[in-house]
Amino acid sequence: MKKRKIKPTYRPETRAIRIQPGRTPNMEHSSPLYLTSSFCYEDSEAMRAAFADETDAYIYSRFSNPTVEEFSQRMSALEGAESGFATASGMSAIFGSFMAFLKAGDHLLSSASIFGSTHTVITKFLPKWNIQHTYFDVTKPETIEALIQPNTKMIFIETPSNPGLDVIDLELVSKIAKKHNVLLNVDNCFATPAIQRPLELGADLVTHSATKWLDGQGRVLGGIVLGKKELVDEVYAFCRSTGPSLSPFNAWVLARSLETLHVRMERHASTALSLAEALEGNEHVEWVKYPFLASHPQYEIAKKQMSSGGGIVCFEIKGGLERGRRFLDQLELLSLTANLGDSRSIASHPASTTHAKLSEAERLKVGITPGLIRISCGLEHKDDIMEDVLQALEASR
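None of these values were measured; they are calculated from a predicted model.

**Observations concerning the packing of aromatic side chains**
Link 1 in the chain: Following the criterion strictly, the structure yields 7 aromatic pairs and no others.
Link 2 in the chain: Judged by centre distance (5.6 Å) and plane angle (65 degrees), the ring pair of phenylalanine 85 and tyrosine 236 falls under edge-to-face. Remark: tyrosine 236 occurs in helix H8 (residues 229–242) and phenylalanine 85 occurs in strand S1 (residues 83–87); sequence separation between them is 151 residues.
Link 3 in the chain: Given the relative accessible area of 23%, tyrosine 236 is considered partly exposed.
Link 4 in the chain: Ring geometry for phenylalanine 315 against phenylalanine 327: centres 5.7 Å apart, planes inclined by 90 degrees, an arrangement best described as edge-to-face. On the criterion of sequence distance, the pair formed by phenylalanine 315 in strand S9 (residues 312–317) and phenylalanine 327 in helix H12 (residues 320–330) is long-range, its members being 12 residues apart. For the pair phenylalanine 315 and phenylalanine 327, one class covers both residues: buried.
Link 5 in the chain: Looking at arginine 240, its charged tip hangs above the ring of phenylalanine 63, at a distance of 3.9 Å from the centre.

**Focus on the nonpolar core**
Link 1 in the chain: Formed by 83 residues in total, the largest nonpolar core has its most connected members in Phe71, Ile155, Ile157, Leu279, Val313, Phe315 and Phe327.
Link 2 in the chain: Of the residues forming this core, the biggest block, 7 residues, is contributed by helix H10 (residues 261–279).
Link 3 in the chain: Ignoring sequence-local partners within four residues, the contact set of phenylalanine 327 consists of Phe315, Ile317, Ile373, Val389, Ala392, Leu393 and Ser396.
Link 4 in the chain: Membership of the second largest hydrophobic core comes to 23 residues, among which are Leu108, Ile114, Ile122 and Cys239.

**Observations regarding a nonpolar patch on the surface**
Link 1 in the chain: Among the surface-exposed residues, Leu33, Leu35 and Phe249 lie close enough to one another that they form a single nonpolar patch of about 290 Å² accessible area.
Link 2 in the chain: Note on placement: phenylalanine 249 falls in helix H9 (residues 248–257).
Link 3 in the chain: Taking the relative accessible area as the measure of exposure, phenylalanine 249 reaches 42% and is therefore partly exposed.

Criteria and cut-off values
- Residues numbered from 1 in each chain as written.
- Predicted model: local features only at pLDDT ≥ 70, side-chain atom pairs only at ≥ 80, totals over all residues.
- Heavy atoms only, no water.
- Phe/Tyr/Trp six-rings, centres within 6.5 Å; stacked < 30°, edge-to-face > 60°.
- Helix = DSSP H or I, 4+ residues; strand = E, 2+ residues; numbered from the N terminus.
- Buried < 20%, exposed > 50% of the residue type's maximum accessible area, 1.4 Å probe, protein only.
- Lys NZ or Arg CZ within 6 Å of the ring centre and 35° of its normal.
- Core = buried A, V, L, I, M, F, W, Y, C linked by side-chain atoms within 4.5 Å.
- Contact = heavy atoms within 4.5 Å.
- Patch = residues over 30% accessible without salt bridge, like charges linked within 9 Å, V, L, I, M, F, W, Y side chains within 5 Å.
- Areas by Shrake-Rupley, 256 points an atom, 1.4 Å probe, with all protein chains shown as cover.
- Salt bridge = Lys/Arg side-chain N within 4 Å of Asp/Glu carboxyl O.

Written out as structure tokens, the structure is:
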């Protein structure tokens, strides 16, 4: 049978859809699932060479697996990365990206506007290995350079941030990082490579929680670290021995999901923009935040480095904490769950859920106000989503 070629000139989404492991003798069209813990060899010499890293033969699925490799290769195509290593969850990807490059005595410079579990890793666990950290205000990039210390090894940022949707100029931060020979590590979970490609803007590493938009249906956990091969090899070396490997089944689900990523993100973003516009000026809302609203403080930066505003909308409901809870209780269509990036729309109240472990002062410092509501726009009809949100606002008064 004629071998199909994947031209390097094909667009990222085309290459991601067409990347597959070699077909078995059954000539399947969709890639098979390699649900196996280990792999066999023809003879002792082939086995010796595999364990000596003289060949690319598979050894053990904690190290590598054809199905996991398919997901990694597809994500590398989408992000424009030389290599990628997939992990069991987004947090294991972030932790692996830290521990592969940071050691006792090093310093991490991080934006303060980050996911709650990432904050916990930085403030509670990294100090156990004598890894210091400093937070900076993502809305004040001009302060970053002065915070870099002689032992600073990495700058870590989320953009857009979780949950406040702050946006930072990646090209600007990249220039600062390169000037000081510091790695720039970007969590691209909220945007996805369908909307933003940090490596093209100067980042060294990109991390994802594949659990969110990459899966897109709230089914499986997964994560990935991407970048230059020499950097990803360091992450692989750490994760190969510590064990946060992605299961082949989850990788198979995620690889299939990537085939619809661009189509889904267009719909998510279109609905989110419509909802954000409908909420602006609503009598029950203090303010609305969405990267592609002209009122967003970093609107021009978002337009420069993102192709759309993504699928998340944030707003502050009048009445604070208790009104926010009443609003959630009045929703009839939207789900109340800790996830985001699902085909089903989700509403959450970060102050009492994802960022509850932060003190009130810490939450306010990163823009998490008592009445902040985060909406993850799904794939339902946008009019139904808006109707549910608006009626809940009215009913919660």
